[in-house]
Amino acid sequence: MEPIDALDARILLALDEDPDATVLALARALGVARNTVSSRLARMGAGGVLGEVSRRLDPAALGCGTVAFVSVALSQASSERTIAQLRTVPEVVEMHSTTGEADLLLKVVARDTDDLHRLTRALLGVEGVVRTSTAISLAQELPTRYRELLVRVARGG
């Protein structure tokens, strides 16, 4: 993935301000050609810069108000198959390979603690999962954000 430039960042900031803005409205607001905005958005979409709209969704709107982080230790012999199987679990909304005692860090969502208990038992049942450790999020103090980084890039920094 290639880094974005200042104009890409300005386009994304404008979309952050008005997610429903048309390409024409963006072009006018930014003072650039409509085709420039259109081609940049297409390039960023194809290049993986722009993620799915569903990433903006609050899981509570889906009835999943409980968020937890699950550290997972894997059997090294089956780690690729295990990761592939964990990717199929709908409640696993993020997965990161990590250093340290655990091999993976999962961000999971659940309806409540009973549902979280069901989920963690299911994760332990996945072939290749050796052990897990779960921490429940009490409150999201800072949601995932990229706006400040976009501002810096838009300013040429």
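All values derive from a computational prediction rather than experimental measurement.

**With respect to the side chain of Thr82**
Here is step 1 of the chain: Within the element layout of this structure, Thr82 appears in helix α4 (residues 79-86).
Here is step 2 of the chain: When its relative accessible area of 0% is taken as the criterion, Thr82 is described as buried.
Here is step 3 of the chain: Leaving out residues up to four positions away in the same chain, Thr82 has contacts with Leu74, Val126, Glu127, Gly128 and Val129.

**What about the packing of helix α1 (residues 6-17) against helix α6 (residues 147-154)?**
Here is step 1 of the chain: Running from amino to carboxyl end, α1 crosses α6 at an angle of 140°, the nearest separation of the two axes being 8 Å. Judged on the interaxial angle alone, α6 and α1 are oblique. The handedness of the crossing between α1 and α6 comes out as left-handed. Facing Ala6, Ala9, Arg10, Leu12, Leu13, Asp16 and Glu17 of α1, the residues of α6 in contact are Arg147, Leu150, Val151, Val153 and Ala154.

**Things to note about the environment of Val153**
Here is step 1 of the chain: Looking at the secondary structure, you find Val153 in helix α6.
Here is step 2 of the chain: Judged by relative accessible area, Val153 falls into the partly exposed class, the value being 26%.
Here is step 3 of the chain: Spatially, the C-alpha atoms of Val153 and Ala9 are 6.2 Å apart, while their sequence positions differ by 144 residues.
Here is step 4 of the chain: Here Val153 is in contact with Ile4, Asp5, Ala6 and Ala9, once residues within four sequence places are set aside.

**Structural notes on the sheet that holds strand β4 (residues 129-136)**
Here is step 1 of the chain: Read from one edge of the open sheet, 4 strands run β2-β3-β1-β4, paired in antiparallel fashion. Single-partner strands in this sheet number two, and they are β2 (92-97) and β4. Mean inter-strand twist for the sheet, computed between neighbouring axes without regard to direction, equals 20°.
Here is step 2 of the chain: One ladder, built from 7 bridges, connects strand β1 (residues 66-74) with strand β3 (residues 104-110); its direction is antiparallel. Residue Val72 lies in a different strand from β3, and its bridge partner there is Leu104.

**Some points on the packing of α1 against helix α3 (residues 34-46)**
Here is step 1 of the chain: Between α1 and α3, the least distance of the axes is 11 Å, while the angle of their chain directions is 90°. Viewed along their axes, α1 and α3 adopt a mutual orientation that is roughly perpendicular. Along the contact surface, α1 presents Leu7, Asp8, Ile11, Leu12 and Leu15, while α3 presents Thr36, Val37, Arg40, Leu41, Arg43 and Met44.
Here is step 2 of the chain: Within the contact of α1 with α3, the residues separate by chemical class into 7 nonpolar, 1 polar and 3 charged.

**Details of the pattern of salt bridges**
Here is step 1 of the chain: Within the structure shown, the criterion is met by 9 salt bridges.
Here is step 2 of the chain: Where Glu17 meets Arg147, a salt bridge forms, and the shortest distance between an N and an O atom there is 2.7 Å. On the criterion of sequence distance, the pair formed by Glu17 in helix α1 and Arg147 in helix α6 is long-range, its members being 130 residues apart.
Here is step 3 of the chain: For Glu17, a relative accessible area of 58% translates into the label exposed.
Here is step 4 of the chain: What makes Arg147 partly exposed here is its relative accessible area of 31%.
Here is step 5 of the chain: Here Glu127 makes a salt bridge to Arg81, at a shortest N to O gap of 3.7 Å. Of this pair, Glu127 sits in the loop between α5 (113-124) and β4 while Arg81 sits in helix α4, placing them 46 residues apart in sequence. Just as Glu127 is exposed, Arg81 falls in that class too.

Calculation notes
Residues numbered from 1 in each chain as written. Predicted model: local features only at pLDDT ≥ 70, side-chain atom pairs only at ≥ 80, totals over all residues. Heavy atoms only, no water. Helix = DSSP H or I, 4+ residues; strand = E, 2+ residues; numbered from the N terminus. Buried < 20%, exposed > 50% of the residue type's maximum accessible area, 1.4 Å probe, protein only. Contact = heavy atoms within 4.5 Å. Axes fitted to C-alpha atoms, helices over the stretch in contact; angles between N-to-C directions. Parallel < 35°, antiparallel > 145°, perpendicular 65-115°, else oblique. Left-handed = near helix turned anticlockwise from the far one by under 90°. Pairing = 2+ DSSP bridges. Nonpolar A, V, L, I, M, F, W, Y, C, P; charged D, E, K, R; others polar. Salt bridge = Lys/Arg side-chain N within 4 Å of Asp/Glu carboxyl O.

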